[in-house]
Amino acid sequence: MYNHNIGVDSMIFCFKLTKGLYWGVVVPLSIILMLAVSFLIEKDLIAFLVFFVVLSVGTRILQRLALKKYTEKNKVLDEKCDCESFRDWQYEMLGKKLKGGYKNLVELNLATAHYYCGDFQQMKQTLEAIDISRMNKRSIIHLYCYYRLWFLYHMMLSNMPEAEKILSKIDSLVLPSDEKQKKHCENIVRTSHLSVESKKFQVPYIEEKLKMIRFTDDLLAIVCEKSFLGKYYLRNGMRDKAKECFEFVVEHGNTLFIAKAAKEILEENLNKEN
């Protein structure tokens with residue numbers, strides 16, 4: 001899964017080098033190019049343009065490589081439900097003093113890691129430290145994720161009024177134009193609404209609704225879905241269905257806090273004789 005030829009330090013180097021090349025080399029060269037057009041002869045101008053294009057493309061490739069490697073290592077959460085390794089990886093990234101959008105991305109991932117580890121106070125502190133002022137249209141998906149994490153935080157504390165306030169903010173956000181990001185954001189909206197509805201009422205065909213809005217078939221998504229259904233079934237007296245869901249969560253949830261919670265529910269409630 002992870003290319004051993006490019007380690008963590010090289011990945012961080014890619015992030016920093018990309019930003020440095022862009023602002024320290026590409027942008028100044030663009031200005032110089034515009035000024036030079038009037039003075040250079042045709043042959044020299046072509047050579048200069050080739051150099052500029054190669055440098056610009058190289059910078060973009062470097063940036064994509066860094067993001068790809070970062071994403072690959074993040075799969076430890078999605079594919080193995082190992083939130084502790086995922087958390088440690090985010091701390092390692094933050095230790096490299098990233099800035100701007102890269103820092104926001106890692107901080108959001110760290111807050112996510114704290115949530116899945118069950119460290120809700122750490123999750124809150126991480127979210128409070130995030131600067132959302134730079135989350136513009138280009139990074140609108142980060143804003144969706146930011147408010148989704150606050151929504152999950154308040155839902156875990158059973159603070160429904162605050163959770164619904166956050167949901168209103170999510171509803172007011174503009175959907176991104178990128179199709180994949182748009183589907184992700186739509187999933188955030190729908191699952192958040194379904195979470196609130198399931199707390200208040202019985203939801204007909206809830207299993208089918210969850211399958212319809214599922215964004216990914218990664219193990220993490222399925223385990224979270226089973227945990228959600230287990231709690232719903234338990235609240236509504238469907239003990240056999242709840243037990244089946246919680247057993248799945250315990251078996252596949254690895255280090256997730258919901259796996260530990262599911263085990264406690266089974267031991268203290270569902271595995272006891274009626």
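Being a predicted model, the structure only gives us computed values, none of them experimental.

Asker: Is there a simple way to explain the state of the cysteines in this structure?
Answerer: The term disulfide refers to a covalent linkage connecting the sulfur atoms of a pair of cysteines. Counted by the stated rule, this structure contains zero disulfides. In this structure Cys117 is a free cysteine whose sulfur lies 3.3 Å from that of Cys83, the closest cysteine sulfur available. Overall, the relative accessible area of 13% leaves Cys117 in the buried class.

Asker: Just to check I follow, could you spell out the confidence of the model for the chain for this structure?
Answerer: Detailed reading of the predicted coordinates is not advisable wherever pLDDT falls low. Of all residues in the chain, 74% have pLDDT values of 70 or greater, and the mean over the chain is 82. Throughout residues 1-11 the model reports pLDDT below 50, and contacts reaching past four residues in sequence, or to other chains, amount to 19 contacts.

Asker: Is there a simple way to explain helix 10 (residues 219-235) in this structure?
Answerer: In an α-helix, one full turn covers 3.6 residues, which means residues spaced three or four apart are oriented alike. With 17 residues, helix 10 extends 24 Å from end C-alpha to end C-alpha; this agrees with the ideal 24 Å at 1.5 Å per step. Every buried residue of helix 10 is listed here: Leu220, Val223, Glu225, Ser227, Leu229, Gly230, Tyr232 and Tyr233. Gly237 sits one or two residues past helix 10 and shows a positive phi near 80°.

Asker: Just to check I follow, could you spell out the pattern of salt bridges for this structure?
Answerer: Oppositely charged side chains can pair when the atoms bearing their charge come close. Evaluation of the coordinates by the stated rule reveals eight salt bridges. Of the charged contacts in the structure, one is a salt bridge between Arg87 and Asp119, with a shortest N-O distance of 3.9 Å. Taken as a pair, Arg87 in helix 3 (residues 83-94) and Asp119 in the loop between helix 4 (100-117) and helix 5 (120-128) lie far apart in primary sequence, 32 residues in all. Residue Asp119 is classed as partly exposed on the basis of its relative accessible area of 29%. In this structure, the salt-bridge partner of Glu164 is Lys200, at a minimum N-O distance of 2.9 Å. Highlighted residues: Glu164 in helix 7 (residues 160-172) and Lys200 in helix 8 (residues 179-200), separated in sequence by 36 residues. Where salt bridges share partners, they join Arg87, Asp88 and Asp119 into one cluster.

Asker: Help me out: how do you make sense of the packing of aromatic side chains in this one?
Answerer: Geometry of an aromatic ring pair is reported as the spacing of the ring centres plus the angle between the planes. Inspection of the entire model under this criterion finds seven aromatic pairs. Judged by centre distance (5.0 Å) and plane angle (70°), the rings of Tyr115 and Tyr116 are edge-to-face. Across the pair, Tyr116 and Tyr115 agree in class, each one buried. Ring plane angle 85° and centroid distance 5.6 Å describe the contact between Trp150 and Tyr153, whose orientation is recorded as edge-to-face. Of this pair, Trp150 and Tyr153 are both found in helix 6 (residues 140-156), three residues apart, which corresponds to roughly one turn of the helix. Trp150 gets classed as buried once you look at its relative accessible area, which sits at 12%. Given the relative accessible area of 8%, Tyr153 is considered buried. Over the ring of Phe248 we find Lys226, and its NZ or CZ is 5.5 Å from the ring centre.

Asker: Can you walk me through the side chain of Asp82 in this structure?
Answerer: Topologically, Asp82 is positioned in the loop between helix 2 (42-80) and helix 3. No salt bridge is formed by the buried Asp82. Its closest oppositely charged neighbour is Lys80, at 7.2 Å. Here Ser85 takes part through its side chain, which lies 2.7 Å from a polar atom of the side chain of Asp82. Not counting residues within four places of it along the chain, the set of residues in contact with Asp82 comprises Val76, Leu77, Asn254 and Thr255.

What counts and what doesn't
Residues numbered from 1 in each chain as written. Predicted model: local features only at pLDDT ≥ 70, side-chain atom pairs only at ≥ 80, totals over all residues. Heavy atoms only, no water. Disulfide = S-S within 2.5 Å. Buried < 20%, exposed > 50% of the residue type's maximum accessible area, 1.4 Å probe, protein only. pLDDT = per-residue confidence, 0-100. Contact = heavy atoms within 4.5 Å. Helix = DSSP H or I, 4+ residues; strand = E, 2+ residues; numbered from the N terminus. Expected span 1.5 Å × (residues − 1). Salt bridge = Lys/Arg side-chain N within 4 Å of Asp/Glu carboxyl O. Phe/Tyr/Trp six-rings, centres within 6.5 Å; stacked < 30°, edge-to-face > 60°. Lys NZ or Arg CZ within 6 Å of the ring centre and 35° of its normal. Lys, Arg positive; Asp, Glu negative; His and termini not counted. Polar contact = N/O pair within 3.5 Å; in protein donor to acceptor, adjacent residues only side chain to side chain.

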